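Residue-level structure breakdown
Each chain is listed here by its residues.
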Amino acid sequence: MQLRRSAGKCVRVGVSREIFDLAGELNISFDVETVRMIIGLGKKSVGQEAELERALKRLEEEKNRLASDFREIASQRSQLEAAWVGARNRFAGVSRDNRVLAMHLSARAVSGVRKERLRRELIQKYILNYRDT
Amino acid sequence: MGAVGEVRVPGGLLVEVGGEEGAVRLLRVGLLSLRVASLEREVAGVVRGVEVQRRRVAELPLEVERFRRLLAQALEDRETLEGLLGEKG
């Protein structure tokens, strides 16, 4: 095997597409210190290539499956949120109208104990305790 | 697998790992190990994301139902308000 010597006591070593792809996925550039670090890591895991390859395959499959679940749930969420926004807006609209009606009612007198109680309750609800949704 | 590019390996390290073949093998194993760790983090992140979405998907029908009940009550209140306002004072 021929080793091509270069300046700075480094040697240029030919590497495969797989290694470049792995580095790309990790967003790693091959500067000398990084190469030293990766080789150091490699030493710790030497003999575990098959295990790592299996783990990589399993994790990639799991990630794809989860990404698909995520898309499906995100679509459900989006539909439910549209229903929620619709329900909230309809309620908010009627509630605002009621507030205006309650303001008119606060300037009016009503006859009868029951009606007066209702009047007070509605004024309490739509003016005194009113909160925007 | 043919070489498609080159990386610079410190000469001393190259000797230590048994030459070019050893360096390439260790580079590959090191990168595989890093990629596995990175994918484990990614998968954990997606699992958390899916869990957050699932919780929200479980909550939303209850929220929709709550607003529907509030709307029904508000419509009832509107009728009462209109009735009270319609009364001759």
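Heads up: the structure comes first, above all this text.
This is a predicted model, so every value here is computed, not measured. Every chain is numbered on its own, with residues counted from 1 as its sequence reads. Note on labels: chains are lettered from A, ligands numbered from 1, in written order. It should be noted that, the model being predicted, local features are given only for residues of pLDDT at least 70 and side-chain atom pairs only at 80 or more, the latter also being counted only at that level, while totals for whole chains, interfaces and linings use all residues.

**Remarks on the interface of chain A and chain B**
This is how the line gets drawn: Remark: residues whose backbone-derived C-beta atoms lie within 7 Å of one another are considered to be in contact. A helix here means a DSSP run of H or I that spans at least four residues, while a strand means a run of E at least two residues long, and both kinds are numbered starting from the N terminus. Amino acid classes used here: Ala, Val, Leu, Ile, Met, Phe, Trp, Tyr, Cys and Pro are nonpolar; Asp, Glu, Lys and Arg are charged; the rest, including Gly, are polar. The pairing criterion is simple: DSSP has to find at least two bridges between the two strands.
Of the residues lining the interface, 70 residues belong to chain A; the matching set on chain B comes to 62 residues. Taken together, the elements giving at least two residues each to the side of chain A that touches chain B come down to β2 (10–16), α1 (17–25), α2 (32–45), α3 (49–106) and α4 (113–128) of chain A. Among the elements that take part in the side of chain A that touches chain B, α3 of chain A stands out by supplying 33 residues, more than any other. A class-by-class count of the residues in the side of chain A that touches chain B yields 40 nonpolar, nine polar and 21 charged. With seven bridges joining them, β2 of chain A and strand β1 (residues 3–10) of chain B adopt antiparallel strand pairing. When the bridges of β1 of chain B are listed, V13 of chain A appears paired with V7 of chain B.

**Thoughts on the nonpolar core**
Our working rule: Linking buried Ala, Val, Leu, Ile, Met, Phe, Trp, Tyr and Cys residues through C-beta atoms within 7 Å yields a set, and such a set is a nonpolar core. Any residue whose C-beta has 12 or fewer other C-beta atoms within 10 Å is treated as exposed, any with 20 or more as buried, and any in between as partly exposed, C-beta atoms being built from the backbone.
Core analysis: the biggest nonpolar cluster contains 21 residues, and V13 and I39 of chain A together with V9, A23, L27 and L31 of chain B have the highest contact counts within it. Sorting the residues of this core by element identifies β2, α1 and α2 of chain A together with β1 and α2 (20–86) of chain B as the ones contributing at least two each. For L31 of chain B, the residues in contact, after removing those within four places along its chain, are I19, L22, A23, L26 and I38 of chain A.

**What to know about the packing of α3 of chain A against α2 of chain B**
Cut-off, in case you're wondering: Fitted lines through C-alpha atoms serve as axes, helices being fitted only where they are in contact, and the angles separating the N-to-C directions of these axes extend from 0 to 180 degrees. An angle below 35 degrees is read as roughly parallel, one above 145 as roughly antiparallel, one from 65 to 115 as roughly perpendicular, and any other as oblique. Each helix crossing is assigned a hand: it is left-handed if the near helix lies turned anticlockwise from the far helix by less than a right angle, otherwise right-handed if that turn is clockwise.
Running from N to C, α3 of chain A and α2 of chain B cross one another at 15°; their axes reach a closest spacing of 5 Å. Comparing their axes, α2 of chain B and α3 of chain A come out roughly parallel. The handedness of the crossing between α3 of chain A and α2 of chain B comes out as left-handed. For the contact of α3 of chain A with α2 of chain B, a count of residues per class yields 38 nonpolar, seven polar and 21 charged.

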